[in-house]
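Observations on the model geometry
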Amino acid sequence: LCAGACLFGATSTTSLTPAVVLIFALGICAGTAYVLGFTLLHESVDDEFRGRIFSTLNTLVRLCLLLSMVGGPFLATALDGLSRQVFGSDRRVRLVGLEVFVPGIRLTMWLAASIMVLAGALAARTLRAEDRHKVPPFIVITPEDVRP
């Protein structure tokens, strides 16, 4: 969630110094999320499936990276054309007294940041839901306790 917010902020800035600071924070947040994801997966997967699960995860990570490197330029070009149609040839928007240049690459990065924030929110919601449904280890539920 924080990585997506940092990417959104870095994409929105027009100065180098805040962009560098936000990209540094993005790296810290993304690295932490990567390690946390591996740790949670390692903790919840049985030993007999661990190798297959992690090889599948690595394959999916590389596939998504390839898809983003191949599809990103096409998406940026398409969104640049859309930006020209919606905002005119100069692609500038005035919001609350600020003038924002909205090229396709900025729209693409905002879309990526939105996906990251959404994924982080869904992950946090899932983790909270699992915590609510955990049964303390000292309570034993028998089939008679469960009602249809």
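In case you missed it, the structure is sitting above this.
How each quantity is defined
Residues numbered from 1 in each chain as written. Predicted model: local features only at pLDDT ≥ 70, side-chain atom pairs only at ≥ 80, totals over all residues. Heavy atoms only, no water. Helix = DSSP H or I, 4+ residues; strand = E, 2+ residues; numbered from the N terminus. Buried < 20%, exposed > 50% of the residue type's maximum accessible area, 1.4 Å probe, protein only. Salt bridge = Lys/Arg side-chain N within 4 Å of Asp/Glu carboxyl O. Axes fitted to C-alpha atoms, helices over the stretch in contact; angles between N-to-C directions. Parallel < 35°, antiparallel > 145°, perpendicular 65-115°, else oblique. Left-handed = near helix turned anticlockwise from the far one by under 90°. Contact = heavy atoms within 4.5 Å. Pairing = 2+ DSSP bridges. Patch = residues over 30% accessible without salt bridge, like charges linked within 9 Å, V, L, I, M, F, W, Y side chains within 5 Å. Areas by Shrake-Rupley, 256 points an atom, 1.4 Å probe, with all protein chains shown as cover. Core = buried A, V, L, I, M, F, W, Y, C linked by side-chain atoms within 4.5 Å.

Turning to unusual backbone geometry, a few remarks are in order. In this structure, Arg91 takes a positive phi of about 55° despite not being glycine. With respect to the secondary-structure elements, Arg91 resides in the loop between α3 (47–87) and β1 (92–95). The exposure class of Arg91 is buried, given its relative accessible area of 12%.

A separate point is the pattern of salt bridges. What the rule picks out here adds up to five salt bridges. The salt bridge partner of Asp80 is Arg91, with a shortest N-O separation of 2.2 Å. A residue pair is termed long-range when its members are at least 10 positions apart, and Asp80 in helix α3 and Arg91 in the loop between α3 and β1 qualify at eleven residues. In this structure, Asp80 and Arg91 share a single accessibility class: buried. Each member of the salt-bridge network shares a partner with another, and the members are Asp80, Arg84 and Arg91.

It is at 11 Å that the axes of helix α2 (residues 16–44) and α3 come closest, and there the two elements cross at 155°. Between α2 and α3, the crossing angle belongs to the class labelled roughly antiparallel. Considering the relative orientation of α2 and α3, their crossing is right-handed. Across the interface between the two elements, Tyr34, Phe38, Leu41 and His42 from α2 touch Arg50, Ile53, Phe54, Leu57 and Asn58 from α3.

Before going further, it helps to examine the packing of helix α1 (residues 2–12) against α2. Following both chains from N to C, one finds α1 and α2 inclined at 160°, their axes separated by 8 Å at the closest point. Classified by the angle between their axes, α1 and α2 sit roughly antiparallel to one another. Where α1 crosses over α2, the handedness of that crossing is left-handed. Contacts between α1 and α2 involve Cys2, Ala3, Cys6, Leu7, Gly9 and Ala10 from the first element and Ala19, Leu22, Ile23, Ala25, Leu26, Cys29 and Ala30 from the second.

With four bridges connecting them, β1 and strand β2 (residues 98–101) associate as antiparallel partners. Bridge pairing links Val93 to Val100 in β2.

We now examine a nonpolar patch on the surface. Residues Leu60, Leu63, Leu66, Leu67, Val70 and Phe74 make up a contiguous nonpolar surface patch of about 620 Å² in total accessible area. With respect to the element layout, Leu67 can be found in helix α3.

Time to look at the nonpolar core. Counting five residues, the largest nonpolar core consists of Ala3, Cys6, Leu7, Leu26 and Ala113. Here this core gets three residues from one element, more than from any other, and that element is α1. Setting aside anything within four residues of it in sequence, one finds Ala113 in contact with Gly4, Leu7 and Phe8.

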